[in-house]
Amino acid sequence: MKIIVHGGAWAIPDDAVEDHLKGVTQAVKKGMKEKNAIDAVEKAIITMENDPAFDAGYGSFLNEDGKIEMDAIIAQNSCFGAVAGVSRIKNPISLAKKILYDENVNFLIGRGAERYAEKNNISLCDEKELILEREMKRWKKIKKENKKPEDFFHSTVGAVALDEKGNIAAGTSTGGTPNKIPGRVGDTPIFGAGCYADSLIGASATGYGEHIMRVLLTRKVAELYRETDIKKACREALAILESIGGYGGVISVDRDGNFGYSFNTPRMAYAFNEGKEIKAFI
Ligand code: ASP
C-alpha cells in the first residue's frame, strides 16, 4: 500500500504542529494496514475525522449560526460518492463511501443525506457530540470581532492511496471554513475540485475552497500529469490556483506509486509511507 495524507494547508501555529504531525502519522499508519486503496483512504480519513486536531468530523469549525455543516467525498476510477451540509454524521467519509457504491446517486446534501445514512445502517449522532469547546470559543471570538476568518484556518483532511492491485482512491473531508455562511459548500465534495481519482492518478486538495473550485484543482493535477511527472503536475496546478489569487495545497499518488505534493501556504501537514516507514512533515 502506498498512501499519502494531508491535514490542511495554512499558517499552522507552532503550538498546533505536534498534534497535526501526530494526527497525519496515525492516519497513514491506519491506512497502511488495509488491503484495498478505498478502505485505506476511508480508514485514514476516519482517523483524522475522529481527531480533534483537524477541521473534519469531531472538532469541525462552526458556521455563522454556531452549527456544524460537514462535506466529504471519496473517489475511485472516475466514480465518486459525496455529501455536503451534514450535521449528525460522526464520519461523513463513510457515508460518502456508501454513496460511491450506489449506482443511483453520486451526491447527497443535508437532511436527505442523513436520511440515506439511517437507511443504510449509519447511525446518526447528536450534533453536540462533534462540537468542541475550543470551536465554541473560536466561533464567539470571530462573531465578536466581526472579521472575515476564511483566509486563516484550513485543517481539512485528505488521503490518496494506491493498492497492490493498482487501484487508486482519494478522499477529502471537512467542516468547511470558520463561521461560514449557513449552506455554504466549498470545493471539498466537488469531484475534480477537492478530490479526484481515475485509473492513472488520484489527488486531494485543501485551502480556500472558493478559488479551488474555480480551477478544479485536483482534476488539473490529473490533466497536467498526462504531460509531465506527478511532482511537476502538483506544482503547476498550484501555480494556476495562485494565478487567480487562491491558496492551498494538494497531495497526489500515481499508478507507479509516486507521490506528489505542493502548497503555497506557510505550512501544510502531510505524511506518507516509504515501505513500512512513515514520514511526516509540516
Ligand atoms: N477547502 C475547504 C473549504 O473551502 C477548507 C479547507 O481546506 O480547510 O471548505
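Right, let's walk through the structure included here. Remember, predicted model here, so these are calculated numbers, not experimental data. (Residues numbered from 1 in each chain as written. Predicted model: local features only at pLDDT ≥ 70, side-chain atom pairs only at ≥ 80, totals over all residues. Heavy atoms only, no water.)

## As for the nonpolar core
Grouped burial of nonpolar side chains is what soluble globular proteins tend to show.
Argument step 1. Counting residues in hydrophobic clusters, the biggest one holds 34 residues, and the most contacted among them are Ile3, Val5, Val24, Val41, Met48, Ile74 and Ala161.
Argument step 2. Elements supplying a minimum of two residues to this core: β1 (2-10), α1 (14-32), α2 (37-49), α3 (92-100), β5 (157-162) and β11 (267-274).
Argument step 3. Here this core gets eight residues from one element, more than from any other, and that element is α2. (Core = buried A, V, L, I, M, F, W, Y, C linked by side-chain atoms within 4.5 Å. Buried < 20%, exposed > 50% of the residue type's maximum accessible area, 1.4 Å probe, protein only. Helix = DSSP H or I, 4+ residues; strand = E, 2+ residues; numbered from the N terminus.)

## Quick word on the packing of helix α7 (residues 217-225) against helix α8 (residues 230-243)
Argument step 1. Put simply, α7 and α8 touch, their axes get as near as 8 Å, and they point 135° apart. Our classification of the angle between α7 and α8 gives oblique. Here α7 runs over α8; the crossing is right-handed. Residue-level contacts link Leu217, Lys220, Val221, Leu224 and Tyr225 of α7 to Ile230, Ala233, Cys234, Glu236, Ala237, Leu238, Ile240 and Leu241 of α8.
Argument step 2. When its residues are assigned to classes, the contact of α7 with α8 shows 11 nonpolar, no polar and two charged. (Axes fitted to C-alpha atoms, helices over the stretch in contact; angles between N-to-C directions. Parallel < 35°, antiparallel > 145°, perpendicular 65-115°, else oblique. Left-handed = near helix turned anticlockwise from the far one by under 90°. Contact = heavy atoms within 4.5 Å. Nonpolar A, V, L, I, M, F, W, Y, C, P; charged D, E, K, R; others polar.)

## Points about the sheet that holds β1
Argument step 1. Taking strand neighbours across the sheet as the criterion, the eight strands line up as β4-β3-β2-β6-β5-β1-β11-β12 in an open arrangement whose pairing is mixed. Either end of the sheet is taken by a strand with one partner, and the two such strands are β4 (107-109) and β12 (277-281). Shown here is a sheet whose adjacent strand axes are inclined to one another by a mean of 10°, direction ignored.
Argument step 2. In terms of strand pairing, strand β3 (residues 79-86) meets β4 through three bridges, oriented parallel. Bridging from a neighbouring strand, Ala84 pairs with Ile109 of β4. (Pairing = 2+ DSSP bridges.)

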